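These are the residues of each chain, in order.
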Amino acid sequence: MSGTEALRGTGMGTGTAHGTGLRAWVVRRLLLGAGQTVAVVLLVFALTEALPGDAAVALAGDQPDPARVAAIREALHLDRPAHERLVAWAGGLLHGDLGTSLASGRPVATYLANGFGPTLLLAALTVALLIPVSVGLGVLAARREGRFADRLISSATLGVYAVPEFALGVLLVTVFALNLGWLPPTAVGYGTDLLAHPAALVLPVLVLLARPVCSLARLVRAGMIDALASPYAAQARRYGIAGARVRYLHALPNALAPAAQQLARTIDWLLCGVIVVEALFVIPGLGTVLMNAVAERDVPVIQGLAVVFGLTAVVLNLGADLVARRFTPRAAVAA
Amino acid sequence: MKPRTITARRGWGRFALALLITGVPLLIALLGPLFAGEPGPRGASFTLGGGHWAGTDFVGRDVWRQVLLGGRTVVLTALSATALAYVVALPLGLMSALTHRGWLEELLMRPLDVLLAVPSLLLILLAAAVFSPGAAGLALLVALVNIPDAARIIRATAAEAAARPAVEALRMQGESWWRMAVGYVGRSALRTLAADAGTRLTGVLYLVATAAFLGVGVAPDAADWAVMVDRNRTGLFVQPWAVVLPAVLIVALTMGGNLLFDAALTGRGQRRTPRREPLPARKEIRT
């Protein structure tokens with residue numbers, strides 16, 4: 001046993017045993033991520049291609065026109081066995097080839113490229129606001145525990161937590177666009193360059209933020225109350241360390257642990273929320289592209305978008321778990 | 001520390017308020033169809049007044065009648081989806097918590113871990129694109145996406161209960177597996193499961209309504225609150241009631257549901273967030 005090891009053991013609490021434990025955990029988590037990636041690809045393929053009966057007839061719509069059925073059969077290579085199609089499709093994915101649309105004959109990649117900007121903008125704005133707002137609300141409620149501000153924040157976050165985005169959004173549009181006339185009701189007419197029209201982004205981002213903020217703020221509040229009542233916070237106060245310093249440097253990092261674990265769930269909500277919000281505010285992003293493809297039963301476009309959404313979720317989940325693990329080395333998170 | 005009576009009274013106040021917020025949409029949803037009456041003649045689209053006190057919708061139907069009819073599908077689909085999810089998740093979770101065979105647990109839970117990463121609405125949309133499901137299909141899909149998470153929570157709760165000394169004692173007394181699993185482990189996990197069922201029901205309600213809003217599992221002109229919001233949006237500036245009424249009912253149902261479950265579960269004894277119980281040391285420092 002070398003001196004450095006002993007030192008590490010007494011110092012930061014990262015002994016050798018713990019170090020290998022962490023490494024093993026990261027490897028396991030990465031393996032799970034790889035498994036999830038494969039599962040997403042298989043699931044998307046199975047769901048969209050495992051049509052009962054003749055897929056081409058089913059996809060051609062209510063009045064199957066023989067020419068269209070033949071075209072679909074040709075485009076999807078339905079004459080080949082399913083496993084060959086899966087291999088060809090998955091092989092294409094590896095090279096970034098997502099196939100071509102049934103409806104327009106354009107490559108699926110162009111659909112993605114067109115919708116990417118607005119969706120990324122929405123997601124980036126939401127995430128940038130999500131963490132400061134939810135931590136702020138949670139800490140504020142925890143500081144005023146049991147008093148009016150806390151009761152207000154706790155009830156509001158609990159209430160809004162489960163409200164579907166479309167209902168909340170439509171009510172906000174009624175108030176802010178119809179009654180008050182402050183904000184535009186939809187993003188119609190602004191094209192994909194939404195950054196030039198910030199007013200059109202206010203309501204979508206607000207609606208997108210609602211649920212994740214509520215869930216994270218509640219967890220931060222609960223964690224903060226626990227942390228502030230803990231012996232180490234009391235000890236820090238006994239040393240005469242300033243209240244704000246105890247709160248933000250000592251208690252907050254521990255209070256964030258459960259919130260970090262919840263981040264993964266939040267990602268699921270954000271991906272779903274983006275689809276709804278884009279439909280509601282007519283924003284030409286990936287969600288709108290997906291909904292149009294679903295309406296037209298444009299299988300290659302649906303597959304491509306589903307893979308992109310699914311893999312985004314897998315990667316972000318992986319990241320959230322790694323972050324959560326960083327905050328709480330002791331608690332074993334997923335896998 | 002507050003006197004117990006005040007906390008208790010506040011608990012009852014919250015409970016009553018939550019009950020009121022949930023009760024109105026729930027009553028309309030369940031009993032509304034009884035009072036809806038026969039469909040009247042269709043009027044012009046998006047008008048106000050003219051015998052329709054809440055106006056007409058996008059195809060000229062009476063909005064109030066549609067509101068009375070439109071809650072039942074949302075509520076019943078959500079209830080059956082939640083029940084269905086537990087029917088599968090309960091045996092899965094209990095079995096993997098109580099088994100002594102590591103491979104069986106892995107076999108049961110690993111596939112669910114893999115599924116957990118797929119966004120739930122995406123899965124529903126994908127299936128909907130191909131199968132065009134009805135209300136029953138939607139309930140099935142929503143139940144399906146809820147199984148992984150429910151099974152994980154059940155497994156974690158049951159595993160904790162199964163590791164207690166009491167189970168050891170039962171085993172040494174030679175009690176049957178069934179008595180241990182259902183009689184002890186199941187019973188001690190009940191409280192956590194009740195809390196989970198509450199949040200899950202509101203989550204399912206959210207998914208069902210959102211899917212219906214996006215056109216999954218419903219006819220385009222169905223009497224359904226979520227469909228009403230979607231289809232009448234075009235007339236929002238002419239006839240807001242056709243959108244606002246169903247939207248408010250959905251908000252009240254989900255919001256009230258969450259408040260109700262929270263009040264019901266925290267009101268009796270335990271609280272989910274620890275109440276203030278000032279440690280002596282902390283008090284000293286404060287003053």
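Our subject is the structure that appears above.
How each quantity is defined
- Counting restarts for each chain: residues are numbered from 1 in the order of the written sequence.
- Key to labels: chains lettered from A, ligands numbered from 1, both in the order written.
- Reporting in this predicted model follows two pLDDT cut-offs: at least 70 for local features of residues, and 80 or more for side-chain atom pairs to be given and counted; totals over whole chains, interfaces and linings ignore these cut-offs and use all residues.
- Going along the chain from the N terminus, every DSSP run of H or I of four or more residues is numbered as a helix, and every run of E of two or more is numbered as a strand.
- Three exposure classes are used. Buried residues have 20 or more other C-beta atoms within 10 Å of their own C-beta, exposed residues have 12 or fewer, and partly exposed residues fall in between, all C-beta atoms being placed from the backbone.
- In this analysis, axes come from line fits to C-alpha atoms, helices being fitted only over the stretch in contact, and the angle between any two N-to-C directions falls in the range 0 to 180 degrees.
- Handedness of a crossing follows from how the near helix is turned relative to the far one, being left-handed for an anticlockwise turn of less than a right angle and right-handed for a clockwise one.
- Residue pairs are scored as contacts if the distance between their C-beta atoms, which are placed from the backbone, is within 7 Å.
- Note on residue categories: nonpolar means Ala, Val, Leu, Ile, Met, Phe, Trp, Tyr, Cys or Pro, charged means Asp, Glu, Lys or Arg, and polar means any other residue, Gly included.
- Multiplying one less than the number of residues by 1.5 Å gives the expected span of a helix.

Chemist: For this particular structure, what's the right way to read unusual backbone geometry?
Modeler: Most peptide bonds are trans, and most residues other than glycine sit at a negative phi. Residues and elements named next belong to chain A. You will see that Val282, though not glycine, has its phi angle at about 50°, which is positive. Examined against the element boundaries, Val282 turns out to sit in the loop between helix H11 (243–281) and helix H12 (286–296). You can call Val282 partly exposed: it has 15 C-beta atoms within 10 Å.

Chemist: What is the right way to look at the environment of Ala82 of chain A in this model?
Modeler: Looking at where Ala82 of chain A falls in the secondary structure, it is placed in helix H5 (residues 82–94). Spatially, the C-alpha atom of Ala82 of chain A lies 9.3 Å from that of Ala46 of chain A, the residues being 36 residues apart in sequence.

Chemist: Explain the packing of helix H4 (residues 120–131) of chain B against helix H5 (residues 135–162) of chain B to me, please; I cannot follow it from the model alone.
Modeler: Helix-helix packing: each pair is described by the crossing angle between the helix axes and the interaxial distance. Residue and element names in this part refer to chain B. Where H4 contacts H5, the two axes come as close as 10 Å, and the packing angle between them is 145°. You can see that H4 and H5 cross each other, and the crossing is right-handed. Side by side, H4 and H5 meet where Ser120, Leu123, Ile124, Ala127 and Phe131 of the first sit next to Gly137, Leu141, Val142 and Val145 of the second.

Chemist: Explain helix H6 (residues 165–172) of chain B to me, please; I cannot follow it from the model alone.
Modeler: In an α-helix, one full turn covers 3.6 residues, which means residues spaced three or four apart are oriented alike. For H6 of chain B, the tally of buried residues reaches only 0 of 8 residues, placing the bulk of the element at the surface. Just downstream of H6 of chain B lies Gly174 of chain B, where phi reads positive at about 80°.

Chemist: When you look at the interface of chain B and chain A in this model, what are you seeing that I'm missing?
Modeler: One frequently used descriptor of interface size is the decrease in accessible area upon assembly of the parts. On the chain A side, the residues contacting the 46 residues of chain B number 53 residues. If you list the elements that add at least two residues to the side of chain B that touches chain A, you get helix H3 (102–116), H4, helix H8 (190–213), helix H10 (241–267) and helix H11 (280–286) of chain B. Take the side of chain B that touches chain A: its biggest share by element is 12 residues, from H10 of chain B. Across the side of chain B that touches chain A, the residue classes tally to 33 nonpolar, 8 polar and 5 charged.

Chemist: What am I meant to see in H8 of chain B here?
Modeler: Here H8 of chain B spans 34 Å end to end across 24 residues, near enough to the 34 Å set by a 1.5 Å rise per residue. The first or second residue beyond H8 of chain B is Gly215 of chain B, which carries a positive phi of 90°.

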